[in-house]
Amino acid sequence: MDIVLEYKTGIAMLFMRIILGFLFLMQGYDKVFRLGLKKTEEGIEFAMRGSKLPGSLIKMIAVISSFVELLGGIMLVAGFLIYPALVLLGIDLVIVVFGMSLREPLWNMSFVWPRLVLLLALLLLPAAWDRFSIDHFYSFL
């Protein structure tokens, strides 16, 4: 039991990082591989119709966002380049919130809120606590 208490902050960081990583990874995986980029683009463009944003911009953001979520999720699960991944995923969340708010000012944030809370916690907590990651391993070399 003492070993668990000794590493409890590292374990907590690991769980937060892996859960957030899987949330983004599966969202990106779904957009890229299950639905496909074309259907993802069309779905987002249809949802954003009437937002006065150019369709080409919406399509470009849909593709970039899909890959950021997929690759950022993989990076978080692996614990590799954690902070760059968190920053990119944070920017992705800002874009999603902005876009969805253009479409519908009072929309359901139930999918965004858990990601935002975990992302902010990981950004604010000390990096030294994240002991079970590739980044932590290489910081000792």
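**Some thoughts on the packing of aromatic side chains**
Any two aromatic rings considered together are summarised by their centre-to-centre distance and by the angle between their planes.
For step 1, the next point in the chain: Applying the stated criterion across every chain, the model contains three aromatic pairs.
For step 2, the next point in the chain: Relative to F132, the ring of Y7 lies with its centre 5.9 Å away and its plane at 55 degrees, an arrangement referred to as tilted. Of this pair, Y7 sits in the loop between α1 (2–6) and α2 (8–34) while F132 sits in the loop between α6 (112–124) and α7 (134–139), and the two are 125 residues apart along the sequence.
For step 3, the next point in the chain: Here Y7 falls in the partly exposed class, since its relative accessible area comes to 24%.

**What about the packing of helix α5 (residues 82–103) against α6?**
For step 1, the next point in the chain: Axis separation between α5 and α6 bottoms out at 10 Å; the angle between their running directions is 145 degrees. Crossing angle aside, the handedness with which α5 passes α6 is left-handed. Where α5 approaches α6, its residues Y83, L86, L89, G90, L93, V96 and V97 are matched on the opposing element by V112, R115, L116, L119, L122 and L123.

**What about unusual backbone geometry?**
For step 1, the next point in the chain: For L81, which is not a glycine, the phi torsion comes out positive at approximately 50 degrees.
For step 2, the next point in the chain: Considering the arrangement of structural elements, one finds L81 in the loop between α4 (55–78) and α5.
For step 3, the next point in the chain: With a relative accessible area of 38%, L81 lands in the partly exposed category.

**Remarks on the environment of L57**
For step 1, the next point in the chain: In this structure, L57 sits in helix α4.
For step 2, the next point in the chain: With relative accessibility at 29%, the residue L57 sits in the partly exposed group.
For step 3, the next point in the chain: As for L57 and E45, which are separated by twelve residues in sequence, their C-alpha atoms are 9.4 Å apart.

Rules used throughout
Residues numbered from 1 in each chain as written. Predicted model: local features only at pLDDT ≥ 70, side-chain atom pairs only at ≥ 80, totals over all residues. Heavy atoms only, no water. Phe/Tyr/Trp six-rings, centres within 6.5 Å; stacked < 30°, edge-to-face > 60°. Helix = DSSP H or I, 4+ residues; strand = E, 2+ residues; numbered from the N terminus. Buried < 20%, exposed > 50% of the residue type's maximum accessible area, 1.4 Å probe, protein only. Axes fitted to C-alpha atoms, helices over the stretch in contact; angles between N-to-C directions. Left-handed = near helix turned anticlockwise from the far one by under 90°. Contact = heavy atoms within 4.5 Å.

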